[in-house]
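# Fold and geometry: a report
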Amino acid sequence: MEAQIAELTARIAELESKASVTNTMFAETYYYLSIPLMIIIHAGFLAYEMGATRMKNVLSSGMKNILAFAFMVPTFYWFGWWVYWGFPTGITFSAGPAGISGAEYANAIALGWGESAQYMGPNIADQASGVFWGAFTLFACTTASIMSGAVIERIQTVGFTICAIVLGSFAWVVAAAWGWHADGWLVTKFGVHDFGAAGLVHAVAGFFALGVLVNLGPRIGKFNSDGTANNLRGHNLPFTVTGLMLIMVGFWGFLMACVIVPGEAWSWYPDKATTIYGTPMTLSALSFNILMGMGGGIIGSYAYTRDPFWMMSGCLAGLISVASGLDLYWPSLTFIIALGAGILLKPAADVLERWGIDDAVGAVTVHGTIGIYALVVLGIFASGFPALQGAEGEVAQISLIGQIVGAIVFFLLGFVPGYIVSWILNAVGMLRVPDAVQEAGLDPVKVTAQAYPEGIPNSPPAGT
Amino acid sequence: MGFPYPEADWELVEGAMYMGAGGALPGIYTFISILICIYLLWACNRVEWNKYDEAGE
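So, how was this worked out
Residues numbered from 1 in each chain as written. Chains lettered and ligands numbered in written order. Predicted model: local features only at pLDDT ≥ 70, side-chain atom pairs only at ≥ 80, totals over all residues. Helix = DSSP H or I, 4+ residues; strand = E, 2+ residues; numbered from the N terminus. Buried ≥ 20, exposed ≤ 12 C-beta atoms within 10 Å, placed from the backbone. Rg over C-alpha atoms; globule rule 2.2 N^0.38 Å. Core = buried A, V, L, I, M, F, W, Y, C linked by C-beta atoms within 7 Å. Contact = placed C-beta atoms within 7 Å. Nonpolar A, V, L, I, M, F, W, Y, C, P; charged D, E, K, R; others polar. Expected span 1.5 Å × (residues − 1). Axes fitted to C-alpha atoms, helices over the stretch in contact; angles between N-to-C directions. Parallel < 35°, antiparallel > 145°, perpendicular 65-115°, else oblique. Left-handed = near helix turned anticlockwise from the far one by under 90°. pLDDT = per-residue confidence, 0-100.

### Structural notes on the overall build of chain A
Broken down by element type, chain A carries 15 helices and zero strands. The dimensions of chain A, computed from C-alpha atoms along their principal axes, are 90 × 65 × 45 Å. Residue burial in chain A is summarised as follows: out of 464 residues, 55% are buried.

Next up, the structure:
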């Protein structure tokens, strides 16, 4: 009898060990696969902005987007990851209630030297840090890509890259630490809820772009002397529209990476997936609401514009408009909110243009304005939901006031750094491309390759 | 709209977690969204036919 019990105990231990290995491999693979999916976002933005560029500037627009990706990776490794873990409680750098934040904690896990180096490189005992860092790095790349399209055809490459580093490896990371972390003060004190990062990624990046645009100025020929705007058409609208669709594909990776899988030491529950706040979440909830958001956004923009560019921008705007509450919305409500965002999009972009801002791809509107819309709308519909795990009265709840506070903070975290860094770059002559070069085209002046060496001929079809 | 359970505590939620769970609102939203879609199809079709008419004149 004792021998049988011992054998049974050994078998249970063996099965537990196997289950643990399977779960760990699943968790690691889950985040690992979100990374290439998010690179599709970058590919989409690349196509989007190159298509929106006139032929004389195509390659220089693409190059700066590629450089944003390249510089985001090491800078997020060197300090962006530290900022996420060090900043949640604000500038005190103290540990928060969940005990996973503050300078001491960040020093222990997120620096590429000393004791914490074991978590920042290959380590057989750590199958989480690298994939989490990778996913967050791609969030950072997304912010830089959002700004990249707004400033095409007149920004200097190195000046842009510096802006991208400030945005991707600092500004949005502070926003994430404050509003997308269980110890974040916006979450613990105001109940801010932004599951899919509508505010802390999209609004921050959109308004950072606005801060840069104010100092950068419009493209030559965009505005007439009486202040009216001209439409500087990109050379390839189908390319732009396809790029937007690629972005939508990539956002499945972005949003899956916002889910915390169960069963690991760092998971919230042994058996339930959660949001980054520890509140319940399922991939089914994502599927319902992502698709309804996309559909609503496209239909809203179609109804208002009947323009394929704005329809696909509406698809993105529809998704962003519900991203904060993808875990909580009822799908039909998602559809209605996203449809509203699709309708709002073009008039909001027109207002910006009337203010003399030349946002070449509508990034400030799609990401900034709609990001704020998402936060506020969630405050209206989700007031009273617990923002964190914990008993009633012990944790903050989602509220309209809290969401508005979050929206204001995210706006400032985007606009202020964007304005300051671009102001400095402008003062030292590193921001705007000289007018003569803009007129000649950036590619012929500084790119060693040629986008279309044979032009784009109107080839006749094969004879019958 | 408020949390759809008596206490605002996620530990007590075992099933539906969306806004309005267990009430009439989800059905109302679905009905409204269907009406909006039907209206937009009708309105957009009118605009499209107007364009055809203008092109034919």
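Having seen the structure, we can now continue with the description.
### Some remarks on the overall build of chain B
Regarding its fold elements, chain B presents one helix and zero strands. For 57 residues, the compact-globule estimate of 2.2 N^0.38 gives 10 Å, and the C-alpha radius of gyration of chain B, at 21 Å, exceeds that figure by more than 25%. Relative to its 57 residues, chain B shows a buried fraction of 12%.

### Quick word on the nonpolar core
Soluble, globular proteins show a tendency: their nonpolar side chains are buried together. All names here are of chain A. Core analysis: the biggest nonpolar cluster contains 159 residues, and Met147, Trp172, Val204 and Ala209 have the highest contact counts within it. Counting residues per element, this core draws most heavily on helix 5 (residues 157-179), at 15 residues. If sequence neighbours within four positions are ignored, methionine 147 has contacts with Cys163, Ala164, Leu167, Ala205, Phe208, Ala209, Val212 and Ala363.

### Points about the environment of phenylalanine 136 of chain A
All names here are of chain A. The topology assignment puts phenylalanine 136 in helix 4 (residues 129-150). Among the residues examined, phenylalanine 136 registers 18 C-beta atoms within 10 Å and is labelled partly exposed. Phenylalanine 136 sits 56 residues away from glycine 80 along the chain, and the two C-alpha atoms are 9.1 Å apart. Contact partners of phenylalanine 136, with chain neighbours within four places excluded, come to Phe76, Trp81 and Tyr84.

### Side note on unusual backbone geometry
All names here are of chain A. For phenylalanine 93, which is not glycine, the phi dihedral falls at a positive 55°. Residue placement: phenylalanine 93 occurs in the loop between helix 2 (58-86) and helix 3 (103-109). With 16 C-beta atoms counted inside 10 Å, the residue phenylalanine 93 sits in the partly exposed group. The residue alanine 197 is not glycine, and still its phi comes out positive at about 65°. Following the sequence through the fold, alanine 197 ends up in the loop between helix 6 (185-190) and helix 7 (198-216). A tally of 30 C-beta atoms within 10 Å means that alanine 197 is categorised as buried.

### Quick look at the interface of chain A and chain B
Taken together, the contact between chain A and chain B spans 22 residues of the former and 20 residues of the latter. Mapped by element, the contributors of at least two residues to the side of chain A that touches chain B are helix 9 (283-305) and helix 11 (331-354) of chain A. Looking at the side of chain A that touches chain B, the element that brings in the most residues is helix 11 of chain A, giving five residues. Across the side of chain A that touches chain B, the residue classes break down as 15 nonpolar, six polar and one charged.

### Regarding helix 1 (residues 25-56) of chain B
End to end, helix 1 of chain B covers 46 Å across 32 residues, agreeing with the expected 46 Å (1.5 Å per residue, within 8%). Buried residues are scarce in helix 1 of chain B, accounting for two of its 32 residues.

### Observations regarding the packing of helix 4 of chain A against helix 12 (residues 363-381) of chain A
A pair of packed helices is characterised by two quantities: the angle between their axes and the separation of those axes. Residue and element names in this part refer to chain A. Packing of helix 4 against helix 12 brings their axes to within 8 Å, and their N-to-C directions diverge by 140°. When the axis of helix 4 is compared with that of helix 12, the two are oblique. Taking contact as the criterion, the partners of Ile146, Met147, Gly149 and Ala150 in helix 4 are, on helix 12, Ala363, Val364 and His367. Of the residues in the contact of helix 4 with helix 12, the class split is five nonpolar, two polar and no charged.

### Considering the environment of serine 33 of chain B
Structurally, serine 33 of chain B is set in helix 1. Taking the C-beta count within 10 Å as the criterion, serine 33 of chain B has 20 such neighbours and is therefore assigned buried. Non-local contacts of serine 33 of chain B, meaning those with residues more than four positions away in its chain, are made with Ser332, Phe335 and Ile336 of chain A.

### Thoughts on helix 9 of chain A
For helix 9 of chain A, which comprises 23 residues, the first-to-last C-alpha distance of 33 Å matches the rise-based estimate of 33 Å (1.5 Å per residue) to within 8%. Positive phi shows up at arginine 306 of chain A, right after helix 9 of chain A, with a value of about 55°.

### Looking at the packing of helix 7 of chain A against helix 13 (residues 400-427) of chain A
All names here are of chain A. The contact between helix 7 and helix 13 brings their axes to 7 Å, and the two run at 35°. Viewed along their axes, helix 7 and helix 13 form a crossing whose handedness is right-handed. Its residues assigned to classes, the contact of helix 7 with helix 13 comprises 20 nonpolar, nine polar and no charged.

### Section: the confidence of the model for chain A
Of all residues in chain A, 100% have pLDDT values of 70 or greater, and the mean over the chain is 94. Per-element confidence in chain A is highest for helix 13 of chain A, whose mean pLDDT is 98, and lowest for helix 1 (residues 2-51) of chain A, whose mean pLDDT is 92.

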